[in-house]
Amino acid sequence: MNTPSYKTISANSGTVKKEWFLVDAENQIVGRLASEVAKILRGKHKPSYTPHVDCGDNVVIINAEKARFTGKKLSDKQYVRYTGYPGGQRFATPKVVLEKHPERVLQYAIKGMLPKNKLGAKLQTNVFIYAGTNHPHEAQQPKELKFNS
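Being a predicted model, the structure only gives us computed values, none of them experimental.

A. View of the packing of aromatic side chains. Inspection of the entire model under this criterion finds two aromatic pairs. Measuring from ring centre to ring centre gives 5.5 Å for Trp 20 and Phe 128, while their planes differ by 20 degrees; the resulting arrangement is stacked. Of the two residues, Trp 20 is situated in strand β1 (residues 20–24) and Phe 128 in strand β5 (residues 127–129); the sequence distance between them amounts to 108 residues. A relative accessible area of 23% places Phe 128 in the partly exposed class. The interplanar angle of 55 degrees and the centroid separation of 5.1 Å between the aromatic rings of Tyr 79 and Tyr 108 together place this pair among those described as tilted. Of this pair, Tyr 79 sits in strand β3 (residues 79–82) while Tyr 108 sits in helix α4 (residues 103–112), placing them 29 residues apart in sequence. Classification of Tyr 79 by relative accessible area gives buried; the value is 15%.

Laid out in C-alpha cells, this is it:
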C-alpha cells in the first residue's frame, strides 16, 4: 500500500525562532495581562508549540507601576513569603509591593502562570519588567503588542 507518512514535528532549541515583544502595562488588569504574557512566553501562540521546549518569545513590559487590580484586591490580596526562620512568615499587600518594587507584582502574577519546574524557571528569564517607559532593549527592536484594544 502506498500511503503518505505523516510525522509529528517537535521543535527543539535549534529550530526555534525567538522574537521580541513590547507590552505597555498602563491601565491593564494584572491577571489578564499576566495570562497573555505567559502564553507568549510559553509559545502557545505558535503553530510549532512543543510542551517540553522553550519555544516562546521574549517579552519586555513597560509601565508596570500603572497596571491595575479590580475590586478590592489592592488591599485584600496578600503575597506570602517565608524567611526560613521560626515565625518568619511575612505578608505584603499589592499596595505595599507596588510602592517599593512595582515590577514585582507582574513578576509574581506571571510566575504563577508558568510551569513549576526547570522549564518554568527558564521561561521566567525571558520576561523583562520595567517601572517606567525606558528599557535597555531597543537594539532588539521589539514589536509592540496590544491586548484588549
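B. Seen up close, the pattern of salt bridges. The final tally for this structure, using the stated rule, is six salt bridges. Measuring nitrogen to oxygen at the nearest pair gives 3.7 Å for the salt bridge that ties Asp 54 to Lys 122. Taken as a pair, Asp 54 in the loop between α1 (30–42) and β2 (58–62) and Lys 122 in helix α5 (residues 118–124) lie far apart in primary sequence, 68 residues in all. Exposure remark for Asp 54: the relative accessible area of 14% places this residue in the buried category.

Calculation notes
- Each chain carries its own residue numbering, running from 1 in the written order of its sequence.
- Restriction of local features to residues with pLDDT of at least 70 applies here, the model being predicted, together with a cutoff of 80 or more for giving and counting side-chain atom pairs; totals for whole chains, interfaces and linings are based on all residues.
- Water and hydrogen atoms were dropped before computing side-chain values, which therefore reflect all heavy atoms in the structure.
- The rule is short: rings of Phe, Tyr and Trp, with Trp giving its six-membered ring, pair when the centres are within 6.5 Å, and they are stacked under 30 degrees, edge-to-face over 60, tilted in between.
- Going along the chain from the N terminus, every DSSP run of H or I of four or more residues is numbered as a helix, and every run of E of two or more is numbered as a strand.
- When a residue's accessible area, from a 1.4 Å probe over protein chains only, is under 20% of the maximum for its type it is buried; when over 50% it is exposed; and in between it is partly exposed.
- Salt bridges are defined as contacts in which a side-chain nitrogen from Lys or Arg sits within 4 Å of a carboxyl oxygen from Asp or Glu.

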